[in-house]
Amino acid sequence: MRFDLTSKDFIAVLLILIVFVFVLETTSMIKSNVIFGDEGFHAGLAKWISENKEYPKWNPLGYTNVFKTGYSRPPLFNILEAGFLFVLGNHEIVLKILSPIIAALIGISFYILIKNLYNKEIGFIATLIFIGFPSFVTYSLLVFDEILFVFYMVLFMLTLSMGVKTGNNKYWLLSGIFGGLGMLTKNAGIMVPLFLSLAFLYLVIKEKDLKLYVKKFLFLLIIIALVFGPFVLRNLELYNTIACYEIPFAPIDQSGCDLKTFEEVRAFDVRNLSGSTESDILKVGLVSFVDFAYGNYWFVLVGLFGGFALFLTQQNKVNSLFLIMLFLVIFIIYGSYSRAEDVARQILFWSGILALISAVYWGEIYKLLEKYNKYLGIVILVAIVFLSYQNITEKVKTMENAKRFSPEFFQACDWVKSNLSKDIILMTFWGYRASYSCERIISPGWADIRLNDDPADIVRVAEMHGITHFFIQKFSITQEPSRESYSVAFVKLLEDNPDKFEKLYENGPPFDQCLQQGLCNGNIIYKVVY
């Protein structure tokens, strides 16, 4: 008797794995602080919107008397977070479980749609590869907008492919809705109209039916415009531009997006003195980058080479659409290659296409082995489950370590909340972390302050901005200055001029001891006297 795995078998196993991953990721999120990267921005803004019931013109978390930045980025993730906080209560756990929930929904929808486009084996393999990518796990464990963007873009791409394959208008309608929502979630959503332009040209040339595809794509664009259009109208009204971020091949005036009534004299030479994923892809190395973003790179690369060969030899409309979308990743990489971490972050949705291409190859291997022995094909499935499990568990452990932050930082913020009024402005380059944890307005760490060797001029610049306090993290003090570290010379200047910079609070080892032993934990808060 032949042993056949049914669709119910695949979905049952997949649901068990997805639930396991959800529990693993949620547990990790609950244990960690909302502090990593831009988490403070997204969490803080969601909290502000839920409390004020307002969609602000200017960024309400960080500004000064002479500097404001427009809240002009695609807002859907922050509005979604705020909605959950408003309904369920302003509890941090709501924000922490949202990303794992969205990641689980991606896994389920990815499988269902790819199963319908190809078959259950390819759907199962592609989903496991995708949710097992370290880059996917990373952004399932962060309060970032990437995971919601991936959700909408996966639905946009796969429903469009279903529409092209079946001709069913409901898929075209859904694709337009999801495409518009993707554009409302992240700047990279600008790839939606670029992709549709190329897809339209391809289908018209291949099918030689201009009238049909004019109707289909016009309908699609109208739906997208209805979803995304209000955001464009808001930008025109508030900032006198259609967008406050770069649009490929369409330079636009963005002068109204920020309010800056002063000119800086000084500038930092470098952003960060560290290497690792702060470096560009060329410095990190392709193998290291692939390992960082995709884990078991040998397995991914073998599948990709084989999958590309199959895509090119078995050309059809659906395969070609995925290749067209994959081609557009060049623009994303070009705009973010200076940081390997940013590349993995920006191309997260495109990683799903890589997973699909690889799965097509491994699906063929599965069928080939199954012909010789009814159990041999299961070896491929078990191997993929194991490798995905290995990727996921290793990345969760890595992220738990990466998201650990200095306890003294939170102690300092607790002191700020208990002892300093709500109308102060803290200057620190740990901006949105401090804004969220200290619940105070923050100012960037201006070069005109941190590279200045004149105490009186520092006070003048601080007063111009309305900055009342400097929040210094000792673990970020370095010999050489950078945009994301304090120089020893700057902190010494503050220490040597207590009449202008009054030390209100310090935790951790004293500053002099830190200089002797090297890096140390702790913080110092100075009041600017003017």
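Analysis parameters
Here, residues in each chain are numbered from 1, in the same order as that chain's written sequence. Only residues with pLDDT of at least 70 are given local features in this predicted model, and only at 80 or more are side-chain atom pairs given and counted; all residues enter the totals for whole chains, interfaces and linings. For the side-chain quantities, the full set of heavy atoms in the structure was used; hydrogens and water were omitted. For each residue, the accessible area found with a 1.4 Å probe, counting protein chains only, is set against the maximum for its type, and the residue is called buried under 20%, exposed over 50%, and partly exposed in between. Where helices and strands are cited, they refer to DSSP runs of H or I of at least four residues and of E of at least two residues respectively, numbered from the N terminus. For two strands to count as paired, DSSP must find a minimum of two bridges between them. Our working definition of a disulfide is a cysteine sulfur pair at a distance within 2.5 Å. On a scale of 0 to 100, pLDDT captures the predictor's confidence in every residue. Every axis in this analysis is a line fitted to C-alpha atoms, fitted for helices over the stretch in contact. Angles between the N-to-C directions lie between 0 and 180 degrees. For this analysis, residues touch if any pair of their heavy atoms sits within 4.5 Å.

1. With respect to the pairing of strand β9 (residues 523-528)
Turning to step 1, where the next piece is worked out: β9 sits mainly inside the fold: five of its six residues count as buried.
Turning to step 2, where the next piece is worked out: Where strand β5 (residues 469-473) lies against β9, five bridges are found, and the strand directions are antiparallel. Following the sheet pairing, His 469 is matched in β9 by Lys 527.
Turning to step 3, where the next piece is worked out: Sheet topology note: the strand β8 (residues 501-507)/β9 ladder contains six bridges and is antiparallel. Within β9, the position partnered with Asn 507 by the bridge is Asn 523.

2. Focus: the state of the cysteines
Among covalent bonds in proteins, the disulfide is the one between the sulfur atoms of two cysteines.
Turning to step 1, where the next piece is worked out: As enumerated under the stated definition, the model contains three disulfides in all.
Turning to step 2, where the next piece is worked out: The disulfide bridge from Cys 244 ends at Cys 257, spanning 1.9 Å between sulfur atoms. A torsion of -85 degrees about the S-S bond marks the disulfide between Cys 244 and Cys 257 as left-handed. A residue pair is termed long-range when its members are at least 10 positions apart, and Cys 244 in the loop between α10 (210-239) and β2 (258-260) and Cys 257 in the loop between α10 and β2 qualify at 13 residues.
Turning to step 3, where the next piece is worked out: Residue Cys 257 is classed as buried on the basis of its relative accessible area, which comes to 4%.
Turning to step 4, where the next piece is worked out: The disulfide that involves Cys 413 links it to Cys 438, with 2.0 Å between the sulfurs. Here the disulfide of Cys 413 and Cys 438 is left-handed, its torsion about the S-S bond being about -65 degrees. Of this pair, Cys 413 sits in helix α19 (residues 407-419) while Cys 438 sits in helix α20 (residues 431-438), placing them 25 residues apart in sequence.
Turning to step 5, where the next piece is worked out: Overall, Cys 413 belongs to the buried group, its relative accessible area being 1%.
Turning to step 6, where the next piece is worked out: A residue is classified by how much of its surface remains accessible, and Cys 438, at 0% relative accessible area, is buried.

3. Brief notes about the confidence of the model for the protein
Turning to step 1, where the next piece is worked out: On average, residues of the protein score 90 in pLDDT, and 93% of them are at 70 or above.
Turning to step 2, where the next piece is worked out: Averaged over each element, pLDDT in the protein is lowest for helix α11 (residues 281-284) (55) and highest for β9 (98).

4. A closer look at the sheet that holds β9
Turning to step 1, where the next piece is worked out: Spatially, β4-β3-β5-β9-β8 is the arrangement adopted by the five strands of the open sheet, whose pairing is mixed. Of all the strands in the sheet, just β4 (441-443) and β8 have a single pairing partner and so form its edges. Pairwise comparison of adjacent strand axes, ignoring direction, gives a mean angle of 30 degrees for this sheet.
Turning to step 2, where the next piece is worked out: Those strands touched by α19 are β3 (425-427), β5, β8 and β9, and its axis lies near 125 degrees from that of β8.
Turning to step 3, where the next piece is worked out: The sheet contacts of α20 involve β3, β4 and β5, and relative to β4 the element is tilted by about 160 degrees.

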